[in-house]
Amino acid sequence: NVTGSGGNGIEVATTNGGGATSITVDGDVVGSANGILLDSDSGGQTNTITIETGASVTGGSGAAILDAASGGSDETTVITSGLLDGDVILGSGDDVFEYMVGASVTGEIDGGGDIDAFILSGDSTGLAIDDSIDVSDFDFDNDGSAPSGSVGVTGFESFTKAGSSTFELTGTNDEAGLFDLMAGGLVFSGTFDDLSVAGAAGTSLGGGGTIGSFNTFGTVAPGAPDAIGTLSVTGDATFGAGSVFAVDVLDSVTGGDLLDVTGMVNISGGATVAVSLVGDAMNLPAAGSVTIISAGGGVIGDFASVTDDVPDIGFTAETLPNSVVLTLGADPDGDTSPQGGPAAALRGGLETTLVFANALRQGAANPGSNFLFERERLSFLPVGRDSAGEFSAIGGVFGAITDVRSSGTRDGYDVELAGLYLGTARSFGLASGTLTAGGAIAYSEADVETIGNDADVEAFQIGLFARYDGGALHASGALSYATLDFDFIRTPVAGVVATGDADGDGVGLSLEISYDVSKQLGATSDRMELRPFFGFDATYADRDGFTETGAGVLNMAVEGEDAFTGFARFGFELANTYEVGSGALRASATFGYERAFGQLDAATSSSLVGLGGTFSDPLADIDEDRILLGAKAAFGSGKVKGFVGYEGAIGNESEDHRGAIGFEMAF
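None of these values were measured; they are calculated from a predicted model. (Residues numbered from 1 in each chain as written. Predicted model: local features only at pLDDT ≥ 70, side-chain atom pairs only at ≥ 80, totals over all residues. Heavy atoms only, no water.)

Draft legend 1. Examining the pairing of strand β20 (residues 177–181) more closely. Residues of β20 alternate between two faces, with Gly177, Phe179 and Leu181 buried on one and Leu178 and Asp180 left unburied on the opposite face. By the bridge criterion, 5 bridges tie β20 to strand β22 (residues 195–199) in an arrangement that is parallel. Each residue of the ladder has a partner; that of Leu178, found in β22, is Ser196. (Buried < 20%, exposed > 50% of the residue type's maximum accessible area, 1.4 Å probe, protein only. Helix = DSSP H or I, 4+ residues; strand = E, 2+ residues; numbered from the N terminus. Pairing = 2+ DSSP bridges.)

Draft legend 2. How the structure looks around the pairing of strand β41 (residues 453–470). As paired strands, strand β40 (residues 433–450) and β41 are joined by 17 bridges and run antiparallel to one another. Among the inter-strand pairings, Gly439 is bridged to a residue of β41, identified as Leu464. Between β40 and β41, which pair antiparallel one after the other, the connecting turn spans 2 residues, and Gly452 there sits at a positive phi close to 75°. Pairing analysis gives 18 bridges linking β41 to strand β42 (residues 473–493), with the strands arranged antiparallel.

Draft legend 3. Looking closely at unusual backbone geometry. Phi is positive for Asp114, which is not a glycine, with a value near 70°. Here Asp114 is to be found in the loop between β14 (109–110) and β15 (117–121). A positive phi is found at Asp312, a non-glycine position, where the angle reads about 80°. Among the structural elements, Asp312 can be located in the loop between β35 (305–308) and β36 (313–320).

Draft legend 4. Region of the structure containing the environment of Asp74. Among the structural elements, Asp74 can be located in the loop between β8 (65–67) and β9 (75–80). Note: C-alpha distance between Asp74 and Thr46 (28 residues apart in sequence) is 6.0 Å. Those residues within four positions of Asp74 in sequence are excluded, and the remaining contacts are Ser40, Gly43, Gly44, Gln45, Asn47, Asp67, Ala69, Ser92, Gly93, Asp94 and Asp95. One polar contact links the side chain of Asp74 to the main-chain amide nitrogen of Gln45, over a distance of 3.0 Å. (Contact = heavy atoms within 4.5 Å. Polar contact = N/O pair within 3.5 Å; in protein donor to acceptor, adjacent residues only side chain to side chain.)

Draft legend 5. The arrangement of the pattern of salt bridges in detail. Counting across every chain of the model gives 21 salt bridges. One salt bridge in this structure joins Glu529 and Arg586, with 2.8 Å as the shortest N-O distance. With Glu529 in strand β44 (residues 528–543) and Arg586 in strand β48 (residues 583–598), this pair connects stretches of sequence that are 57 residues apart. Given a relative accessible area of 1%, Glu529 falls into the buried group. The partner of Arg595 in a salt bridge is Asp625, and the shortest N-O contact between them spans 3.3 Å. (Salt bridge = Lys/Arg side-chain N within 4 Å of Asp/Glu carboxyl O.)

Draft legend 6. A look at a negative patch on the surface. On the surface, Asp414, Glu416, Glu445, Glu449, Asp454, Asp456, Asp487, Asp501, Asp503, Asp505 and Asp544 cluster together into a patch of negative charge. Taken together, the elements giving at least two residues each to the negative patch come down to β39 (413–430), β40, β41 and β43 (496–515). Broken down by element, the residue count for the negative patch peaks at 3 residues, all from β43. Summarising the element assignment, Asp487 is placed in strand β42. (Patch = residues over 30% accessible without salt bridge, like charges linked within 9 Å, V, L, I, M, F, W, Y side chains within 5 Å. Areas by Shrake-Rupley, 256 points an atom, 1.4 Å probe, with all protein chains shown as cover. Lys, Arg positive; Asp, Glu negative; His and termini not counted. Charge placed at Lys NZ, Arg CZ, Asp CG, Glu CD.)

Draft legend 7. Region of interest: the packing of aromatic side chains. Under the counting rule described, the total for this entry stands at 26 aromatic pairs. Taken together, a centroid distance of 6.0 Å and an interplanar angle of 5° make the contact between Phe486 and Phe488 stacked. For Phe488, a relative accessible area of 6% corresponds to the buried category. (Phe/Tyr/Trp six-rings, centres within 6.5 Å; stacked < 30°, edge-to-face > 60°.)

Draft legend 8. Representation of the side chain of Asp257. Structurally, Asp257 is set in the loop between β29 (244–250) and β30 (258–261). Although Asp257 is buried, it makes no salt bridge; Lys161 carries the closest opposite charge, 20 Å away. From its side chain, Asp257 meets the backbone nitrogen of Gly229 in a polar contact 2.8 Å long. At 2.8 Å, the side chain of Asp257 forms a polar contact with the backbone nitrogen of Asp248. Ignoring anything within four residues of it in the chain, the contact list for Asp257 reads Pro222, Gly223, Ala227, Ile228, Gly229, Ala246, Val247, Asp248, Thr291 and Ile292.

Draft legend 9. Seen up close, the nonpolar core. Membership of the largest hydrophobic core comes to 131 residues, with the highest contact counts inside it found for Phe97 and Phe239. With 9 residues, the top contributor of residues to this core is helix α1 (residues 341–364). In contact with Phe97, not counting residues within four places along its chain, are Val78, Thr80, Leu84, Val88, Leu90, Val105, Ile109, Ala117, Phe118, Ile119 and Phe156. (Core = buried A, V, L, I, M, F, W, Y, C linked by side-chain atoms within 4.5 Å.)

Draft legend 10. How the structure looks around the sheet that holds strand β11 (residues 88–89). Pairing is parallel across the open sheet formed by 6 strands, whose spatial order is β2-β5-β8-β11-β14-β17. Each edge of the open sheet is held by one strand with a lone partner, namely β2 (8–14) and β17 (153–154). Two elements, β11 and β14, share 2 bridges in a ladder whose sense is parallel. Across the sheet, the residue bridging to Val88 is Ile109, located in β14.

Draft legend 11. Local environment of the sheet that holds strand β46 (residues 556–558). The 4 strands are arranged β45-β46-β49-β50 in an open sheet whose pairing can be described as antiparallel. Each of the sheet's edge strands pairs with one partner strand only, and the pair in question is β45 (546–547) and β50 (612–616).

Draft legend 12. Summary view of a nonpolar patch on the surface. Residues Leu422, Ile441, Ile462, Leu479, Tyr481, Val507, Val640, Phe663 and Met665 make up a contiguous nonpolar surface patch of roughly 810 Å² in combined accessible area. Looking at the nonpolar patch, the elements that each hand over two or more residues are β42 and β53 (654–666). With respect to the helices and strands, the residue Val640 is situated in strand β52 (residues 640–650). Looking at Val640, the relative accessible area reads 40%, which means it is partly exposed.

Right, dumping it as structure tokens:
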């Protein structure tokens, strides 16, 4: 802190000129005459004075800052974010006064003679408006007077906005002038009928006041930030190439920001409109339009495109002779909400029928063995032996996890499935072997997830199966039918939930044949098996169309769809059977290859209920080629048998993991 004893808080006197003076004030400077006095006896001095935030310079009978330059002209720059209590007199020379965010000046600011610049500056504080300044007493035309009657800022040949901050200009001033908007933003809340604004790219001008004209390559945003308002222009308005007209529109589409121009509006190529919705997207009507530009002198040119912050809907900007009108409509080519839930759920329905068909063929059709891979009944064991004409009760639980990873612009999805089945089987003796046949019912639920969507698939299934055991040769097959109940939840935008439900059907087919070649390869044990196998699975599912509820105009009418996928597989199983007490345990491992065909992707067509449009959000494909890996154990003792097993189908972009636990009880 400095308190001058000779009249001036700080006095700098220079001789001969051509030097440089730098003063930084980070405390308080007080003078009974001048706070800071600069005096050059021959001119040519370069002075820089910086008043930091929280600092102050106070003058008494003189000025807060006085550049006397008694012998010539100095170039003085004053940069302040603190308090200047008193006048600032810069005198002759090319001077700069930089008024930063947080600054305050109680007196007059006079740039003096020559070419002087007044700059609003400072970094953004993160607020919509960083600082506000009343410019009623600005002498924009530099004629020595101001509309307010008293002059606050005079003697400046240019007015510039620099820095990333946004300043609000208030008051009333009808003097002609130009504000050069080089960086950051200006919000006009007052009336400035003859003030022109030139905006550089990356800047923003807006507010609910009045200005004379503008020519900008930046953003124009009428109204206060995040509020509906009108920016009035008494002259012409020009949108340069790359400029953006940012408007708020009410969710009723009955009103919005308006640029009201008395003169002509010129829209250059490449200028765009950015729409922000005020309110709730659920309240949007099925149709609506709003005027965003009114021009008494006419409109020339068109906006290149319109963007908005609500997915699925869009606005088109139509240029009329004296206005520009936004019209609401569907926008399937723009920013769309995630809509892959119904498609992913149908894949879940395919998985549901396929898993149960496999369960019947590999488990229920082979009681006491692993439903995933088992190729042989345990009839050769000394325990649990089946006989022709024997009935068995079968049952168990099964589950599956499917993971399809995102690929490029296509989202992935996950399916988690769990179910149980109960049924009965009967064995028939044939001359060449044993035939086992039966039926079962099952219930399962699948949880399907993809980005922005959840679905539940509930299935009630019935199936028939048959298996032939002819020693080394085994063949099995199963056919299942399912009724599917789909429930959907979708989040088109944050806080908005659309729901829907639909019915469907599914059919699954699973076939496999295997042959034990262990004896041909020299195996001497009856308990060791090496079984090459070939199999074929096919699954079909369909889903009815449905209409969402709960999301207003964002509700989708989803078309019905169906899908078919088949799988051909081959590989081998290595197994061995062990006696365990009075029972037996068969352990095996499987390795193979699977080739998928048919529909490998997932996509659904839909449209907005009130606005139409055709939307499709295709999901990632399952792999065409996958490796099969499996492990299982089947056990039996007396009339009771059981199994536990796992199978994995693994590809580059997708994988399935399936498991089951089952039992058989003969009677």
